[in-house]
Amino acid sequence: MARKAAGKPEQAVYGDQQVVRGRGGETHQTAEEGYETLTTQQGTPVSDDQNTLRHGARGAALLEDFHFREKIFHFDHERIPERVVHARGYGAHGFFETLKPIPELTKADLFQRKGEKTPVFVRFSTVAGNKGSFDLARDVRGFAVKLYTKQGNWDLVGNNIPVFFIQDAIKFPDVVHSVKQEPDKDFPQAQSAHDNFWDFISLTPESMHMIMWIMSDRAIPRSFRFMEGFGVHTFRLVNAAGKSTFVKFQWKPKLGLQSVIWNEAVKINGADPDFHRRDLWNAIQNGDFPEWELCLQTFDEKFAENFEFDVLDPTKIIPEEQVPAVPVGRLVLDRMPENFFAETEQVAFMTQNIVPGIEFSNDPLLQGRNFSYLDTQLKRLGGPNFTHLPINAPKCPFHHFQQDGHMAFYNPRGRANYEPNSWGPEIGGPRESVERGFTTFAEDAEGPKIRQRPESFADHYSQARQFYESQTLIEQRHIAEALVFELSKCEVPRIRERMLSHLQNIHDELANAVAEGLGVAELPAPADVAVTPRTDLAPSDPLSILKRGPTSFKGRKLGVLMTDGVDPVLLGELQNVAAADGVTVELIAPTVGGVVASDGTTIVAQHKIDGAPSVVFDAVALLVADEGALGLLKLPPARDFVSDAYAHYKFVGFTPAATKLFKKVGLPEDLDDGFIALESAADAKAFLKRCADLRYWDRPDGA
Ligand code: HDE
């Protein structure tokens, strides 16, 4: 077949780019001054990265094209296995600063000196979804912290919920299998609302306390920045004299707790599946470094013996009223990774990474985890030398005789690769140290080898009830609604019934509300209990999110929807007040090109209205002018913007012309106090002050 002769290479201009166009019309960007020359992995300079080597321009590809083969070979192997759980995550660098040294409790080096800064890497995650799943799944969030201390890496691999589904690590594969996609269908993705999960849960009463947390708004955080972190298990602190104290670790966010509403979560996942990632990225890039306090709950053997529950049981908390959470330091995240894969994907958290002065307890979940995290790194990172990766390497000096293996960057130098040896300090390598080295607390242990759950783990309902009773009415309603939503997705009625039989052991009011929501007329008999549930545990305020909200609107995001004719003075004032309060403002308009303000200037928008629904903001302002109001009324996303803001109890600032839009979407004529008129620049301040409450809960017909 005759072909048109291809043109000669020539200069071409594409917009702002001057390029060389090849004979086939392809783009070549050659190494001009200031650019490095492209090379292969072996360092050989490359002359053409657009065309494979062929026998004739239209001929077959040649095997000797080493550049092509290397490029495709590498591409084919770019992926490593995603984490079996916590696959979707996002990380950041920062530091931990010791504010209250605690040598009386622990000899851990990082807790000895006030003001000591320890570098950290933190990875937040969801548990159930695959790596590409959306951020706002109803799920536990991982809160994994690697502290690069001067005596080795300490990993506090925690969650944003202080309890867990199971009491024994041997059940972990089961709970995870049940929540993940069903194996025949490979869906649902990143959702617990399906038969397999609730089938397992309804047969596992030990998970009931965790279920309360998972059905609460804790499982749909507004952002990583507004959630707590918990080490979950009881650990041990050991001081220089060998004295041991039990401890539970907690991270408390400086900006207060905040969650979204389920109806928002569902919509955010469509509008911005990367909602949490984007939030962390933007905050750190803007210099709004998120911060948490590290708080310790410490207690001795005597407290442990007298406490209502077993401190080794990971389905139990210790209320802060019984053991206060004492701040000892702060965590600040101030730098995003330079490369997501190298750092966030390859970071290997391991519960067994502890340092002298911090030790495990016998919590059976923790004991099992200590095996799993090392094992999983071999699969994911491909060999035993994953500690050679910069993100996993200690930042303190380290010396050992381990050698070789895949990708070994560091091997022992010289002759000594074993000890004892007699080669002297120069070449003989490191020696063990009784003084500096990690020693294990010599806890007494005896007993038969058995597979048996301790009786002290048998109460599965009392703390679930305590959690429910500690919530505000709004939060209790959310728990009931979440259960109704999830169980309505179960297709098998007996799974729903089994859950209702458990809920009655937690709280009658909750069981009745869920039964009503499911349309179940008659409650089944309560589930059999191993231990009679207690009803006398005092409610604990720190378990509620709403009781511990923020005191200002700092760190939150205001969405401003504007139209042509917007008053630039009012907008400017809103932006100034927001900036002074540490609030981010994003501008939305019918087109991203922006609007023409009342003074004739153009104000560029960050978002077209369809791309920035009100669900992605903490509060909204409608700066609508008469000129633009009619056009806005015709836009369905503008109507959703308003009706969602209303249904999600958001504070809404508005100019008079916006009322036309309110009318169109059917809002009540008498606007409630969550609507704040912005008649002049002076109103901006009052509006943002009001937003600190985050939501106007008094709206009767909200979501
Ligand atoms: Fe994990 N968990 N886990 N887990 N976990 C993993 O380790 C495991 C548990 C947690 O951002 C895996 O590197 C077992 C409790 C976080 O990289 C794996 C048991 C808590 C992360 C593993 C538990 C956690 C993981 C998967 C039951 C809260 C993400 C990939 C005994 C205290 C870390 C990996 C990151 C990840 C095992 C239970 C937190 C398979 C066997 C309880 C935050 O090793």
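Not measured: the values here are computed from a predicted model.

### With respect to the domain arrangement of the protein
Alright, step 1. When cut into domains, the protein gives domain 1 (66-388), domain 2 (458-543) and domain 3 (557-693).
Alright, step 2. Just the C-alpha atoms count here: the centres of domain 2 and domain 3 sit 40 Å apart.

### Details of the coordination of the iron atom of the ligand
Alright, step 1. Among all protein atoms, only Tyr373 (OH) binds the iron atom of the ligand, sitting 1.9 Å from it.
Alright, step 2. By the element assignment, Tyr373 lies in helix H9 (residues 364-381).

### Structural notes on the pairing of strand E7 (residues 152-159)
Alright, step 1. Judged by how many residues are buried, E7 sits mostly within the fold: eight of eight residues are covered.
Alright, step 2. The turn linking strand E6 (residues 141-149) back onto E7 is made up of two residues.

### Section: the side chain of Asp195
Alright, step 1. Relative to the elements of secondary structure, Asp195 occurs in helix H3 (residues 195-202).
Alright, step 2. Here Asp195 sits buried without a salt bridge, and the closest side chain of opposite charge, Lys185, lies 6.4 Å off (N-O distance).
Alright, step 3. Of the polar contacts made by the side chain of Asp195, one reaches the backbone nitrogen of Glu491; its length is 2.9 Å.
Alright, step 4. With residues near it in sequence (within four places) discarded, Asp195 still touches Glu182, Cys490, Glu491, Val492 and Ile495.

### Details of unusual backbone geometry
Alright, step 1. Following Phe187, the chain continues to Pro188 via a peptide bond in cis, the omega torsion being 0°.
Alright, step 2. By secondary structure assignment, the location of Pro188 is in the loop between helix H2 (172-179) and H3.
Alright, step 3. Here the residue pair Glu419 and Pro420 is connected by a cis peptide bond, since its omega of 10° sits within 30 degrees of zero.
Alright, step 4. For Met407, which is not glycine, the phi dihedral falls at a positive 55°.
Alright, step 5. Considering the arrangement of structural elements, one finds Met407 in the loop between H9 and helix H10 (424-427).
Alright, step 6. According to the relative accessible area criterion, Met407 is exposed, its value standing at 65%.
Alright, step 7. At Tyr649, a position not held by glycine, the phi torsion is positive, near 60°.
Alright, step 8. Checked against the element boundaries, Tyr649 lands in the loop between helix H17 (636-647) and strand E20 (652-654).

### Quick look at the site of the ligand
Alright, step 1. Taken together, 22 residues lie near the ligand, and Arg83, Arg123, Arg369, Ser372 and Tyr373 sit nearest.
Alright, step 2. Gln377 places a polar side-chain atom, nitrogen or oxygen, 3.3 Å from an oxygen atom of the ligand.
Alright, step 3. With respect to the pocket detection grid, the ligand is positioned in the second largest pocket.
Alright, step 4. Of all elements in the fold, only E6, E7 and H9 reach the threshold of two or more residues within the shell around the ligand.
Alright, step 5. Tallying contributions element by element places H9 first for the shell around the ligand, with six residues.

### Focus on empty space enclosed by the protein
Alright, step 1. Under the criterion given, the structure shown has seven cavities of 30 Å³ or more.
Alright, step 2. Of the volumes computed, that of the largest cavity is approximately 190 Å³.
Alright, step 3. Lining the largest cavity are 22 residues; nearest its centre among them are Pro162, Phe230, Gln250, Gln297 and Ile317.
Alright, step 4. Sort the elements by how many residues they give to the lining of the largest cavity and strand E10 (residues 244-253) lands first, with four residues.

### Let's talk about the side chain of Arg369
Alright, step 1. Inspection of the secondary structure assignment puts Arg369 in helix H9.
Alright, step 2. Buried within the structure, Arg369 lacks any salt-bridge partner; Asp363 is the closest side chain of opposite charge, at an N-O distance of 7.6 Å.
Alright, step 3. At 2.8 Å, the side chain of Arg369 forms a polar contact with the side chain of His233.
Alright, step 4. Polar contacts involving the side chain of Arg369 include one to the side chain of Tyr373, which spans 2.8 Å.
Alright, step 5. The residues contacting Arg369, other than those within four sequence positions of it, are Val157, His233, Thr351 and Gln352.

### So, the sheet that holds strand E14 (residues 557-562)
Alright, step 1. Taken together, the six strands give an open sheet; going across it, the order is E18-E15-E14-E19-E20-E21, and neighbouring strands pair in parallel fashion. Edge strands, defined here as strands with exactly one partner in the open sheet, are strand E18 (607-608) and strand E21 (675-677).
Alright, step 2. One ladder, built from five bridges, connects E14 with strand E15 (residues 584-589); its direction is parallel. Bridging across to E15, Leu558 finds its partner in Val585.

The rules we used
Residues numbered from 1 in each chain as written. Predicted model: local features only at pLDDT ≥ 70, side-chain atom pairs only at ≥ 80, totals over all residues. Heavy atoms only, no water. Domains from an automatic or database assignment. Donors = N, O, S within 2.8 Å, 3.2 Å for Na, K, Ca; no water. Helix = DSSP H or I, 4+ residues; strand = E, 2+ residues; numbered from the N terminus. Buried < 20%, exposed > 50% of the residue type's maximum accessible area, 1.4 Å probe, protein only. Pairing = 2+ DSSP bridges. Lys, Arg positive; Asp, Glu negative; His and termini not counted. Salt bridge = Lys/Arg side-chain N within 4 Å of Asp/Glu carboxyl O. Polar contact = N/O pair within 3.5 Å; in protein donor to acceptor, adjacent residues only side chain to side chain. Contact = heavy atoms within 4.5 Å. Near = heavy atom within 4 Å. 1 Å grid on protein atoms, 1.4 Å probe; cavity = no way out; pocket = protein on both sides within 12 Å on 5 of 7 lines; lining within 4 Å. Sits in = over half its atoms within 2 Å of the grid points. Points joined across faces, edges and corners; volume = space filled by probe spheres on them.

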